[in-house]
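Reading the structure
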Amino acid sequence: MKLVEALEIVIPWLGDALVVHANGFISRESFNVKDRLGNFYMIGSMGLASSIALGVALNRPDRRVVVFDGDGNVLMNLGSLALIGATQPKNLVHIVFDNEAYGSTGNQRTITGAVALEEIARASGYQRVQRVNTAATLQSIIQEFLAQSGPAFLLIKIEPDYEERKIGRITHEPPQIAARFMAAIGS
Amino acid sequence: MVTGVEFLHLLRGAGFDFFTGVPCSLAKSLIATLEERGGYIAETREDAAVGLAAGAYMAGKQPVVIMQNSGLGVCVNALASLSLMYHFPCLLLITWRGYQGKDAPEHLIMGDISPTLLSTMKIPYQVLSAEPVGDSIRWAAETLRQTNQPVALLLPPGVMR
């Protein structure tokens, strides 16, 4: 499964969820599949998408908050999995698109071929943890996975993208990304 | 000297209502007060605390991030490519180890460069002293609301009991 295929399966089920995106291809592919007002695109500060999402989730327990994260990002901020486990936000769903590579810098390998991030999430206290390897499985579980009480952690194995293709960058200015997201939160 | 209870009262009075950070002994009475009263999020790293504060701000809060100046080094990129770039205000309460060159060796270099580091990042700051703590906190609150950017208060030894 490619990243764009996984996103095309997940995005239709998001409803009015607030989605914090990790930097790099995750932001850019999702922006190109469907730009939503409730999307926050973190274009810098690698590693912090789940911290930002936790800050939203703890203060707006009435809203579903989803993180679109990457394996490189999660590895850079493993303490965030521990804090999510410690604070137990029921409204947080953490989705990791794991291609075992730093995609936007040229597919250098991460270490998730050897380390199962979902087991770190499980040990940290996420209420539900699942690994998905195929598009068919993702299709069959995603609606229910997004709706359940969290914190939940879904690791989706995807293929590194070796094709040379142009993926558009986010065209909104950063303060505009923030303003749109805050309007979607209603704060 | 100001107590942690008094300091928290001043922060709340200035509108701050979300507290996270990584501890320092110079701010231990404030953190102890926050822990007693609930609602303090004990972060694992200072850059993650800056991220958490950004989320809290977007959800309608006025966040405070407490850290030692060692942590200022940890969160330089988070401040530059998240807080400053998106205009996410937060109060950085940064304890100043290595103040005036008197401290354990690991604090001396960061202690020397902490104010310069803030200036380089164009983050406005004041150094807290015993008497006008309330004035500095009100200045910080006004400045961050006007600029929509982070503001720092440096807390040297001998200010908070």
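Our structure is the block above this text.
We now turn to the structure provided with this report. Being a predicted model, the structure only gives us computed values, none of them experimental. (Residues numbered from 1 in each chain as written. Chains lettered and ligands numbered in written order. Predicted model: local features only at pLDDT ≥ 70, side-chain atom pairs only at ≥ 80, totals over all residues.)

This part takes up the nonpolar core. Core analysis: the largest hydrophobic core is formed by 115 residues, its most contacted members being Ala-53, Val-56 and Ile-156 of chain A together with Ala-53, Val-64, Leu-91 and Leu-155 of chain B. The dominant element in this core, judged by the number of residues it contributes, is helix α3 (residues 46–58) of chain B, at 9 residues. If we ignore the near neighbours within four places in the chain, the residues touching Leu-155 of chain B are Leu-26, Ala-27, Leu-93, Ile-94, Thr-95, Trp-96, Leu-128 and Met-160 of chain B. (Core = buried A, V, L, I, M, F, W, Y, C linked by C-beta atoms within 7 Å. Buried ≥ 20, exposed ≤ 12 C-beta atoms within 10 Å, placed from the backbone. Helix = DSSP H or I, 4+ residues; strand = E, 2+ residues; numbered from the N terminus. Contact = placed C-beta atoms within 7 Å.)

So, on to the sheet that holds strand β1 (residues 18–21) of chain B. Sheet strands associate in pairs through backbone hydrogen bonding, adopting either a parallel or an antiparallel arrangement. Residues and elements named next belong to chain B. Here 6 strands make up an open sheet; going across it, the order is β2-β1-β3-β4-β6-β5 and the pairing parallel. Lying at the two open borders of the sheet, with one neighbouring strand each, are β2 (40–42) and β5 (125–127). Neighbour to neighbour, the strand axes of the sheet diverge by 20° on average, direction disregarded. Strands in contact with helix α6 (residues 105–120) are β4 (91–95), β5 and β6 (151–155); relative to β6, the strand with the most contacts, it is inclined by about 170°. Each of β4, β5 and β6 is contacted by helix α7 (residues 133–147), which is oriented at about 160° to β6, the strand it contacts most. (Pairing = 2+ DSSP bridges. Axes fitted to C-alpha atoms, helices over the stretch in contact; angles between N-to-C directions.)

A few words now on the packing of helix α1 (residues 3–10) of chain A against helix α2 (residues 25–33) of chain A. All names here are of chain A. In contact at an axis separation of 10 Å, α1 and α2 are set at 55° when each is read in the N-to-C sense. The angle between α1 and α2 places the two elements in the oblique class. In this structure, the crossing between α1 and α2 has a hand that is right-handed. Within the contact between the two elements, α1 uses Leu-3, Val-4, Leu-7 and Glu-8 and α2 uses Phe-25, Glu-29, Ser-30 and Val-33. Classifying every residue of the contact of α1 with α2 by side-chain character gives 5 nonpolar, 1 polar and 2 charged. (Parallel < 35°, antiparallel > 145°, perpendicular 65-115°, else oblique. Left-handed = near helix turned anticlockwise from the far one by under 90°. Nonpolar A, V, L, I, M, F, W, Y, C, P; charged D, E, K, R; others polar.)

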